[in-house]
Amino acid sequence: LKIGTPKIYRKIQLRVFSLLCGVDANHNYYHWFFDSLTKYFIFKKHYNFQEDDFFLVPNYQYDYQIKSLKILNIKNTLNAYNLKHLKAKKIISLNYIPISINHPKWIIDEMRKKFLPKIKKPNKQKLKIFINRSGISSAARDISNKKELISYLKKKNFLIIDPSTLSFSEEIKLFNSAKIVLGIYGAALVNVIFCRNKTHIVELKNNKTDNLYKNIIKNSKLKYHSLMSKKI
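Fair warning: this is a prediction, and the values are worked out from it, not measured in the lab.

Peer 1: Would you mind going over the overall build of the protein with me for this structure?
Peer 2: When its secondary structure is counted, the protein shows six helices and nine strands. Against the 2.2 N^0.38 benchmark of 17 Å for 232 residues, the protein shows a C-alpha radius of gyration of 19 Å, consistent with a compact globule. Its C-alpha atoms give the protein principal-axis dimensions of roughly 60 × 45 × 30 Å. With 232 residues in all, the protein has 44% of them scored as buried.

Peer 1: I tried to follow the layout of surface pockets on my own but got confused; where do I start?
Peer 2: If you roll a probe as big as a water molecule over the atoms, it shows you where there is empty space left. Here the second largest pocket defines a volume of roughly 450 Å³. Among the elements of the structure, β8 (200–206) and β9 (223–229) are those that each provide at least two residues to the lining of the second largest pocket. Taken together, the residues that form the lining of the second largest pocket break down as eight nonpolar, five polar and six charged.

Peer 1: It is not clear to me how the nonpolar core should be interpreted in this structure. Could you clarify?
Peer 2: One broad trend across soluble globular proteins is that nonpolar side chains are buried collectively. The biggest cluster of nonpolar side chains holds 52 residues, and the ones touching the most others in it are Phe33, Phe34, Phe115, Phe168, Phe194, Tyr213 and Ile216. If you list the elements that add at least two residues to this core, you get α1 (29–46), β2 (54–57), α2 (63–71), α3 (105–115), β5 (127–131), α5 (168–176), β7 (178–184) and α6 (212–219). Of all hydrophobic cores here, the second largest spans nine residues; its members include Ile143, Phe158, Leu182 and Ile184.

Peer 1: Just checking my understanding: could you explain the packing of α1 against α3 for this structure?
Peer 2: Working note: a packed helix pair is described by the angle between its axes plus the distance between those axes. Put simply, α1 and α3 touch, their axes get as near as 10 Å, and they point 90° apart. The orientation of α1 with respect to α3, classified from their angle, is roughly perpendicular. Every residue of α3 that contacts α1 at Phe33, Phe34, Leu37, Thr38, Tyr40, Phe41, Ile42, Lys44 and Lys45 is listed here: Trp106, Ile107, Ile108, Glu110, Met111, Lys114 and Phe115. Among the residues forming the contact of α1 with α3, the class breakdown is 11 nonpolar, one polar and four charged.

Peer 1: I tried to follow the sheet that holds strand β3 (residues 77–79) on my own but got confused; where do I start?
Peer 2: Sheets are built from strands paired through backbone hydrogen bonds, the pairs being either parallel or antiparallel. Strand order in this open sheet of four strands is β3-β2-β1-β4, and the pairing throughout is parallel. Both edges of this open sheet fall to β3 and β4 (86–92), since each of them pairs with a single strand only. Ignoring which end each strand starts from, the neighbouring axes of this sheet average 45° apart. Bridge analysis of strand β1 (residues 10–18) against β4 gives six bridges, and the strand direction is parallel. Its bridge partner being in β4, lysine 11 is matched across the sheet by lysine 87.

Peer 1: How should helix α4 (residues 146–155) be read in this particular structure?
Peer 2: In an α-helix, one full turn covers 3.6 residues, which means residues spaced three or four apart are oriented alike. Among all positions in α4, only Lys146, Ile150 and Leu153 are buried. Seen from one end, α4 has its buried residues packed into an arc of 65°, which puts them on one side. Opposite the buried face of α4, by more than 90 degrees, sit the exposed residues Lys147, Glu148 and Lys155. Turning to α4, the residues buried within the fold contact β5, β6 (159–161) and β7. Downstream of α4 by one or two residues, asparagine 157 has phi in the positive range, about 65°.

Peer 1: For this particular structure, what's the right way to read the sheet that holds β5?
Peer 2: A sheet is described by the order of its strands in space; here five strands give the open sequence β6-β5-β7-β8-β9, paired in parallel fashion. Of all strands in the sheet, those with a lone pairing partner are β6 and β9, marking the two edges. For this sheet, the mean angle separating the axes of adjacent strands, direction not counted, is 20°.

What counts and what doesn't
- Residues numbered from 1 in each chain as written.
- Predicted model: local features only at pLDDT ≥ 70, side-chain atom pairs only at ≥ 80, totals over all residues.
- Heavy atoms only, no water.
- Helix = DSSP H or I, 4+ residues; strand = E, 2+ residues; numbered from the N terminus.
- Rg over C-alpha atoms; globule rule 2.2 N^0.38 Å.
- Buried < 20%, exposed > 50% of the residue type's maximum accessible area, 1.4 Å probe, protein only.
- 1 Å grid on protein atoms, 1.4 Å probe; cavity = no way out; pocket = protein on both sides within 12 Å on 5 of 7 lines; lining within 4 Å.
- Points joined across faces, edges and corners; volume = space filled by probe spheres on them.
- Nonpolar A, V, L, I, M, F, W, Y, C, P; charged D, E, K, R; others polar.
- Core = buried A, V, L, I, M, F, W, Y, C linked by side-chain atoms within 4.5 Å.
- Axes fitted to C-alpha atoms, helices over the stretch in contact; angles between N-to-C directions.
- Parallel < 35°, antiparallel > 145°, perpendicular 65-115°, else oblique.
- Contact = heavy atoms within 4.5 Å.
- Pairing = 2+ DSSP bridges.
- Arc of directions from axis to C-beta.

Spelled out as structure tokens, the structure:
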């Protein structure tokens with residue numbers, strides 16, 4: 001407070017593209033893809049990236065962050081989670097806010113185009129998947145009779161998965177192999193962008209949630225269904 005900005009900071013005598021978007025993308029799967037990486041695709045429409053360009057990212061510690069940046073061929077990363085002060089020759093930033101929580105279809109198409117070719121030997125489209133939320137993420141949003149539901153779904157040959165335990169590559173391949181995906185409103189539903197066309201997605205939601213994932217599912221050319229409940 002007395003001396004202002006510290007004198008010790010990272011100096012970059014090159015161009016820096018900022019993918020920063022607030023605190024949520026540090027740890028949240030949805031915000032990483034649709035707040036942070038979305039900016040990459042918008043920048044790509046207006047700039048020819050150079051090999052020595054840097055990208056300032058919210059975080060660089062989770063498998064999906066590291067792998068997705070690698071697939072996008074982003075080599076020079078600056079992790080804002082640890083880097084507090086930066087001085088660069090040029091910093092390029094933008095404020096991206098989707099209209100009515102409806103991300104443009106072209107952005108979803110670009111993500112599919114970039115990430116889906118990385119699947120090696122794709123499986124047949126035959127899996128029935130239930131997304132089981134666990135850990136901290138389930139504390140605020142979960143199903144009250146989940147044990148009963150999982151027991152029922154196992155009898156119907158559903159595969160019960162926890163995406164937080166999977167690598168990014170495993171998530172892409174698994175969802176690309178699904179013919180039905182059942183899951184509660186939440187970040188794991190971002191993975192539907194890896195599903196094949198006309199996959200059936202059933203969203204479990206309460207009457208207080210918005211249509212964020214419904215819009216993503218429909219813009220991914222998937223079959224959308226919902227089961228609505230009152231909020232408990």
